[in-house]
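Structural overview
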Amino acid sequence: DMYFNGDNSEVALKLFDKFHSRNLVMWGTVISNCARSGFPRKALDLYIAGFKHGFLDSVTLLAALRACSSLVLNREGKAIHGMAVKLGFSHDTFIGTALIDMYSKCKDMVSARNAFLTLSVKDDVSWSSLISGYAQNECWDDAVKAFYKMHHHHQIKPNAVLIACLLSICARVFTNLQCKEIHSYIIRHGFDANALVNNSLLAAYSKCGDLGSARTVFWGMDNKDEVSWNSIMLALGQHGHIDEVFKLFKRMKETGTKPDHQTFTAILSACSHTGRVAEGLEYFRSMSEEHMLKPKLEQYTCLVDLLGRAGYLEQAYELIMTMPHPPD
RNA sequence: CCGGGACUUGGAGG
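A quick note: this is a predicted structure, and the numbers were derived from the prediction, not measured. (Residues numbered from 1 in each chain as written. Chains lettered and ligands numbered in written order. Predicted model: local features only at pLDDT ≥ 70, side-chain atom pairs only at ≥ 80, totals over all residues. Heavy atoms only, no water.)

When helices and strands are counted, chain A shows 20 helices and zero strands. Across its three principal directions, the C-alpha atoms of chain A cover 60 × 50 × 35 Å. Looking at chain A residue by residue over its 328 residues, the buried ones come to 45%. When contacts within chain A are restricted to residue pairs at least 6 apart in sequence, long-range pairs at least 24 apart make up 58% of them. Charged side chains of chain A number 34 positive and 34 negative; the gap between the two group centres comes to 4 Å. (Helix = DSSP H or I, 4+ residues; strand = E, 2+ residues; numbered from the N terminus. Buried < 20%, exposed > 50% of the residue type's maximum accessible area, 1.4 Å probe, protein only. Contact = heavy atoms within 4.5 Å. Lys, Arg positive; Asp, Glu negative; His and termini not counted. Charge placed at Lys NZ, Arg CZ, Asp CG, Glu CD.)

Attention now goes to the protein's contact with RNA strand B. Taken together, the neighbourhood of RNA strand B is formed by 49 residues, with Leu62, Arg66, Thr97, Ser128 and Thr265 sitting nearest. Among the atoms of RNA strand B lying within 4 Å of the protein, the sugar-phosphate backbone contributes 50%. Here a base nitrogen of RNA strand B and a side-chain polar atom of Thr97 are 2.5 Å apart. With respect to RNA strand B, the side chain of Gln262 contributes an N or O atom lying 2.7 Å from a base nitrogen. Counted by class, the surface near RNA strand B contains 15 nonpolar, 21 polar and 13 charged residues. (Near = heavy atom within 4 Å. Polar contact = N/O pair within 3.5 Å; in protein donor to acceptor, adjacent residues only side chain to side chain. Nonpolar A, V, L, I, M, F, W, Y, C, P; charged D, E, K, R; others polar.)

Let's shift gears to the confidence of the model for chain A. For chain A, the average pLDDT comes to 93, and 100% of its residues sit at 70 or higher. Model confidence for the complex: the whole-complex pTM is 0.92, and ipTM, which rates the interface, is 0.80. (pLDDT = per-residue confidence, 0-100.)

Turning our attention to the packing of aromatic side chains. Applying the stated criterion across every chain, the model contains nine aromatic pairs. Judged by centre distance (5.2 Å) and plane angle (70°), the rings of Phe284 and Tyr300 are edge-to-face. Residue Phe284 is found in helix α18 (residues 277-289), and its partner Tyr300 is found in helix α19 (residues 297-309); the two are separated by 16 residues along the sequence. Across the pair, Tyr300 and Phe284 agree in class, each one buried. Of the aromatic side chains, those joined through ring pairs into one cluster are Phe246, Phe249, Phe264 and Tyr283. The side chain of Lys122 reaches across the aromatic face of Phe116, ending 5.3 Å from its centre. (Phe/Tyr/Trp six-rings, centres within 6.5 Å; stacked < 30°, edge-to-face > 60°. Lys NZ or Arg CZ within 6 Å of the ring centre and 35° of its normal.)

Glancing now at helix α3 (residues 24-36). With 13 residues, α3 ought to run about 18 Å at 1.5 Å a step, and its terminal C-alpha atoms sit 18 Å apart, in line with that. Trp27, Gly28, Val30, Ile31, Ser32, Asn33, Cys34 and Ala35 are the residues of α3 that are buried. Looking at the buried residues of α3, the elements they touch are α1 (2-5), α2 (9-18), α4 (40-52) and α5 (58-71). The N-cap of α3, judged by a side-chain oxygen 3.1 Å from the amide nitrogen of Val25 a few residues on, is Asn23. (Expected span 1.5 Å × (residues − 1).)

So, about the packing of helix α10 (residues 140-153) against helix α11 (residues 160-173). For any two helices packed against each other, the geometry is given by the interaxial angle and the distance between the axes. Their axes nearest at 11 Å, the elements α10 and α11 cross at an angle of 145°. As α10 runs across α11, the sense of the crossing is left-handed. Each of Trp140, Ala143, Phe147 and Met150 in α10 lies in contact with α11, whose residues at this interface are Leu162, Leu166, Ile169, Arg172 and Val173. Of the residues belonging to the contact of α10 with α11, the class tally is eight nonpolar, no polar and one charged. (Axes fitted to C-alpha atoms, helices over the stretch in contact; angles between N-to-C directions. Left-handed = near helix turned anticlockwise from the far one by under 90°.)

Let us now look at unusual backbone geometry. Only a minority of non-glycine residues have a phi that is not negative, and only a minority of peptide bonds are not trans. Even without being a glycine, Lys107 presents a positive backbone phi close to 60°. In this model, Glu138 sits at a positive phi of 60°, which is unusual for a non-glycine residue. Within the secondary structure layout, Glu138 lies in the loop between α9 (124-136) and α10. Glu138 sits in the partly exposed class, given a relative accessible area of 46%.

Let us now look at the pattern of salt bridges. Overall, the coordinates contain 11 salt bridges when judged by the stated rule. For Asp210, the salt bridge goes to Lys180, with nearest N and O atoms at 3.5 Å. Highlighted residues: Asp210 in the loop between α13 (195-207) and α14 (211-220) and Lys180 in helix α12 (residues 176-188), separated in sequence by 30 residues. The network of salt bridges with common partners includes Glu282, Arg285, Glu289 and Glu290. (Salt bridge = Lys/Arg side-chain N within 4 Å of Asp/Glu carboxyl O.)

Attention now moves to the side chain of Asn198. Looking at where Asn198 falls in the secondary structure, it is placed in helix α13. Aside from chain neighbours lying at most four places away, what touches Asn198 is Asp192, Ala193, Val217 and Met221.

The next point concerns helix α7 (residues 93-105). In this model, α7 (13 residues) spans 18 Å end to end at C-alpha, consistent with the 18 Å of a helix rising 1.5 Å per residue. Among the 13 residues that make up α7, 10 are buried, leaving the element largely enclosed by the rest of the structure. Within α7, the full set of buried residues consists of Thr93, Ile95, Gly96, Thr97, Ala98, Leu99, Ile100, Met102, Tyr103 and Ser104. Here α7 starts with a cap whose side-chain oxygen sits 2.7 Å from the backbone nitrogen of Phe94, and that cap is Asp92. At the exit of α7 stands Lys107, carrying a positive phi of roughly 60°.

Printed below as a string of structure tokens:
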């Protein structure tokens, strides 16, 4: 567990391989960590291996479900669901919540809802799993209805994660009036120092066209993280304020926040929409050369768009044919 | 005694 937490998953896995007496907790630790930190495939393999050796409990099951969820593996998820039922875990709130999530990610909201209804104890996480599932599948009415039921009927208070969820719904289908309503709730209930909440709030304001409020939220934060910077830069770019994007990028680096892939997506997309070809090319170059980030398909696409939109069709075509990713 | 579930920002077009 220590090696996983120190970002040394490789070492952890090697160690695990070497041990000859491996108990259930060790299996649980390793599988959960794999599922959580970018090795869902490995998590599933280990889940199966552990199962064959007789190591299986609610923790390994839970991790396997999480892996299926992130890999969007409907069949495997269903099989694990069956196993959970067989072993009598299907009423466990954690397992049930993971099932809701897994089915939601697989776009099977009927099964997600059934898993939810099966739960004898529904806590705030179970509700938010369901609500976010509805939102991810664009079932906006169901999401909002479930929220009201949770809040008014079952008197469960929204936590930070759910608030973030609701704000992302606002961003998609509501206006800044609903944002303001939630904003006031956030202040009244002491969520206004929460970075997750503020990031969601500023994105929602921006998507609802209220860039001023988005700015206010951003500058009011004293715990800005990379998501905060990316979100405000994206917001400014989408509203055409390209020079502010450039300034903020500088500022971001000065404050010691490392730009990531999404940072460059925001900048490149902003450059493209404002025809700033030279700057865009320069940022793209700096991405790998100064920031040690390998451009992904998204960044190449921005670049193709940048060139194409500015009329450099030959170069755009050439880039599509030579970029290191298969074009989609 | 040790392992466990939901969430915010990200490419083109419409």
